[in-house]
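If you want the building blocks of each chain, they are given just below.
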Amino acid sequence: MPDTHLASVGVIGSGAWGTALAAVAANAGNKVTIWSRNPLVVDDINNQHENSLYLKGAALDPAIRASTNAEDLKNADLLLLVTPSQHLRSVITPIKSLIGPDVPLVLCAKGVEISSGLLMTEMLQEILPGNPLAVLSGPTFAIEVARDLPTAVTLACADAVLGQKLASTLGSRAFRIYHSTDPVGAEIGGAVKNVIAIACGIVDGRQLGDNARAALITRGLSEIVQLGLAKGARRETLMGLAGMGDLTLTCTATQSRNYALGKALGSGEKLADYLKGRITVAEGLGSSKSVSALARKLQIDMPICNAICDVLHHQVDIDQTIADLLARPQKAEF
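Just so we're clear, the structure is a prediction, and the values are computed from it rather than from any experiment. (Residues numbered from 1 in each chain as written. Predicted model: local features only at pLDDT ≥ 70, side-chain atom pairs only at ≥ 80, totals over all residues. Heavy atoms only, no water.)

Brief notes about the overall build of the chain
Then step 1. For the chain, the helix and strand inventory stands at 15 helices and eight strands.
Then step 2. Since a compact globule built from 334 residues should have a radius of gyration of about 20 Å, the 19 Å found for the chain is in line with a globular shape.
Then step 3. C-alpha extents for the chain along the principal axes are approximately 60 × 40 × 35 Å.
Then step 4. Of all 334 residues assigned to the chain, the portion counted as buried reaches 53%.
Then step 5. Relative to all contacts within the chain whose residues are 6 or more apart in sequence, the contacts with residues 24 or more apart total 72%.
Then step 6. Counting every atom, the chain has about 14800 Å² of accessible surface; 52% of that belongs to carbon and sulfur.
Then step 7. Computed over 29 positive and 31 negative side-chain charges, the inter-centroid distance for the chain is 1 Å. (Helix = DSSP H or I, 4+ residues; strand = E, 2+ residues; numbered from the N terminus. Rg over C-alpha atoms; globule rule 2.2 N^0.38 Å. Buried < 20%, exposed > 50% of the residue type's maximum accessible area, 1.4 Å probe, protein only. Contact = heavy atoms within 4.5 Å. Areas by Shrake-Rupley, 256 points an atom, 1.4 Å probe, with all protein chains shown as cover. Lys, Arg positive; Asp, Glu negative; His and termini not counted. Charge placed at Lys NZ, Arg CZ, Asp CG, Glu CD.)

See below:
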């Protein structure tokens, strides 16, 4: 990337979060191009300066340009990768020849790939082994970010100098970026919190009370920390914005797609019925399966994540799942 603050920023993914981050990058004074496979979204952004399909109600800077042509990403100084985690490989692989070897890749969607068990950074190192990587994570709802409401996030990059430069390039008065050198911690926090949020939504849907939700958040954080430490993350990262901060927001707000999914299931709605016709992705649906598999591989006890995986992917009864969790032997907290 150039030494000057102004940069050409490419955004891969035109959903709500990708659009909001395009607004962030433009607000920080950068030239921004969104790449989308949906020509209707591209037309909407270029001509109406909004993304009414995914982020209705957020006015976009007219300088933000959208394109269906991946060639328009070739001159980007950095790329924000904002596609759902389970689709990232299939999106990046066909266009990898267009990405320069020194272009920083900022992961803005976190997860564990179901097919390989890899974190997104590990998967990208296979596809684009020379590119510097960073992870952007923290307690955020896209519509609030797009409206320039106060937000704080973590930008984690193993290269501290590059991380600070990226934070300076993307940050603004309202979008406060705290830089870190622990991308694995930022990834783990962002991936697992979505699974815990589904559990908290189920608690709400079953009307089990605020005590139960607080217990789930706390014990869910314990599972996040265990997995993070096993993957080489730092504990303090998981106590910060990318861990506890993101977990708290996602597990307590009805805006959260994962929380909303859990609440629907807890209220008795069938998963297939809930998903029918939806265009947005609750990342916890896929992450529950891959996180549970990774925990088994690493021999880590993650009962909440395993329970959500059973409910979502193995048709285990919710009430039986709750009973099984409550029947676990009591033990020391730490």
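Next comes the rest of the account.
Notes on the pairing of strand β6 (residues 133–137)
Then step 1. Counting buried positions along β6 gives five out of five residues, so the element sits mostly inside the fold.
Then step 2. Residues Leu133, Val135 and Ser137 of β6 are buried on one face, and the alternating residues Ala134 and Leu136, pointing to the opposite face, are buried as well.
Then step 3. Direction of pairing for strand β5 (residues 105–107) relative to β6: parallel, over a ladder of three bridges. Looking across to β6, one finds that valine 106 is bridged to alanine 134.
Then step 4. Viewed along the sheet, the connection from β5 through helix α4 (residues 120–127) into β6 turns out right-handed. (Pairing = 2+ DSSP bridges. Right-handed = clockwise from strand over helix to strand, strands pointing away.)

Things to note about the environment of isoleucine 114
Then step 1. Of note, isoleucine 114 is situated in the loop between β5 and α4.
Then step 2. Taking the C-alpha atoms as reference points, isoleucine 114 and isoleucine 224, 110 residues apart in sequence, are found 18 Å from one another.
Then step 3. Beyond its immediate chain neighbours, meaning those up to four positions away, isoleucine 114 contacts Gln86, Gly286, Lys289 and Ser290.

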